[in-house]
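A structural walkthrough
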Amino acid sequence: MTSHAALDAGTTRRMTGFEATHFAWSLEGQVATITLNRPERNNPLTFESYAELRDCFRALRQATDVRAVVLTGAGGNFCSGGDVHEIIGPLVDLPSPDLLRFTRMTGDLVLAMRACPQPIIAAVDGVCAGAGAILAMSSDLRYGTARSKVAFLFNRVGLAGCDMGACAILPRIIGQGRASELLYTGRSLGGEEGERWGFFNRLLAPEALLQEAQAMGRALAEGPAFANGITKTMLHQEWTMGIEQAIEAEAQAQALCMLTEDFRTAYHAFAAKQVPVFQGR
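To start, this report covers the structure provided alongside it. Throughout this document, residue positions are counted from 1 along each chain, in the order its sequence is written. For this predicted model, a pLDDT threshold of at least 70 governs which residues receive local features, and a threshold of 80 or more governs which side-chain atom pairs are given and counted, while totals over whole chains, interfaces and linings are taken from all residues. Water and hydrogen atoms play no part in the side-chain values, which are based on all heavy atoms of the structure.

Two orientations exist for strands paired in a sheet by backbone hydrogen bonds: parallel and antiparallel. Within the open sheet, the six strands sit side by side as E1-E2-E3-E4-E6-E9. Their pairing is mixed. Here the strands that pair on one side only, and so sit at the sheet edges, are strand E1 (24–28) and strand E9 (202–203). In this description, contact between two residues means that some pair of their heavy atoms is separated by no more than 4.5 Å. In this description, a line fitted to the C-alpha atoms serves as the axis of each element, helices being fitted only across the stretch in contact, and the angle between N-to-C directions of two axes falls anywhere from 0 to 180 degrees. Think of it this way: any DSSP run of H or I at least four residues long counts as a helix, any run of E at least two long counts as a strand, and we number them from the N terminus. Its contacts with the sheet place helix H2 (residues 47–60) against E1, strand E2 (31–36), strand E3 (68–73) and strand E4 (120–124), and it is angled at close to 175° to E2. Pairing between two strands is assigned when DSSP locates at least 2 bridges connecting them.

Mapping Thr145 onto the fold places it in the loop between strand E6 (141–144) and strand E7 (149–151). Counted as a polar contact is a pair of N or O atoms within 3.5 Å, where, for protein atoms, one must be capable of donating a hydrogen and the other of accepting one, and residues adjacent in sequence contribute only when both atoms are in side chains. At 2.7 Å, the side chain of Thr145 forms a polar contact with the side chain of Asp125. Those residues in contact with Thr145 that lie beyond four places of it in its chain are Val124, Asp125, Gly126, Gly191, Leu203, Leu204, Ala205, Pro206 and Leu209.

Turning our eyes to something else, we now look at the sheet that holds strand E8 (residues 189–190). One open sheet accounts for three strands, arranged E5-E7-E8; its pairing is mixed. On the outer flanks of this sheet lie strand E5 (127–129) and E8, each paired with one strand and no other. Across two bridges, the pairing between E7 and E8 is antiparallel. Looking across to E8, one finds that Val150 is bridged to Leu189. Helix-sheet contacts for helix H5 (residues 131–138) involve E5 and E7, and the interaxial angle to E5 is about 90°.

This brings us to the environment of Ser139. Mapping Ser139 onto the fold places it in the loop between H5 and E6. Exposure categories follow from relative accessible area, calculated using a 1.4 Å probe and restricted to protein chains: below 20% of the type maximum is buried, above 50% is exposed, and the middle band is partly exposed. In this structure Ser139 comes out as buried when scored by relative accessible area, which is 4%. Between the alpha carbons of Ser139 and Ser26 there is a distance of 18 Å; along the sequence they are 113 residues apart. Not counting the four nearest positions on each side in its chain, Ser139 is found in contact with Leu71, Met113, Arg114, Ile120 and Ala122. In this structure the side chain of Ser139 is engaged in a polar contact, spanning 2.9 Å, whose partner is the backbone oxygen of Leu135.

Structure below.
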């Protein structure tokens, strides 16, 4: 695939060598793993980790060496949401302009997750509450365990359930009625119920969860990366389209994919009864 050095410099980047301060980061092959790593507190988020996660997913939008992302938590839990002492407490005393800056920042994290072209696989074990539930919801695939407990707790702290896109995204995953129940009550959704409801794609044993999520990441990374990114974009953008708009948008998107080397590679491989090996973006 040809490229232009000046164009590449302004529109692409490599995540090899990237170092995070407020979460753990690893890159194996073309699969990045982001681990929320404050296990002694069930991996809560802070002002700093919100911002760094947002910036990381924004950077991934231009990454040429990452084709899939696994998001998980350390120590047998996913994420307990905003840290009670480092976020919830300070918010009580902030004036409204600062509160709006905070809520916009948290929403920007979700927007960054949805805008990055790489599929995101959430590996969810144990506690997955509040903003942690939002991170799982905002991922493309969710793997859980029987002991996973997902709770959108916002009403339990006197807030609306419409946080960080929950009222827009969650009903599209599990349906309006089920989403309404979770957002009104704040109750926990267990792993087996979550799989029945379609929140979890698969349930796995806790000891196999991360390994299987990373295996799915590798499988996706070995596929047509540009086409996968287009699929993600269409899944997100078509929420606001009518059927005629959606069909036209998909026609344009598919025609664009037909110009890629991946498409040619797949054709020649299938014609020769071989498995295609994708190299393009």
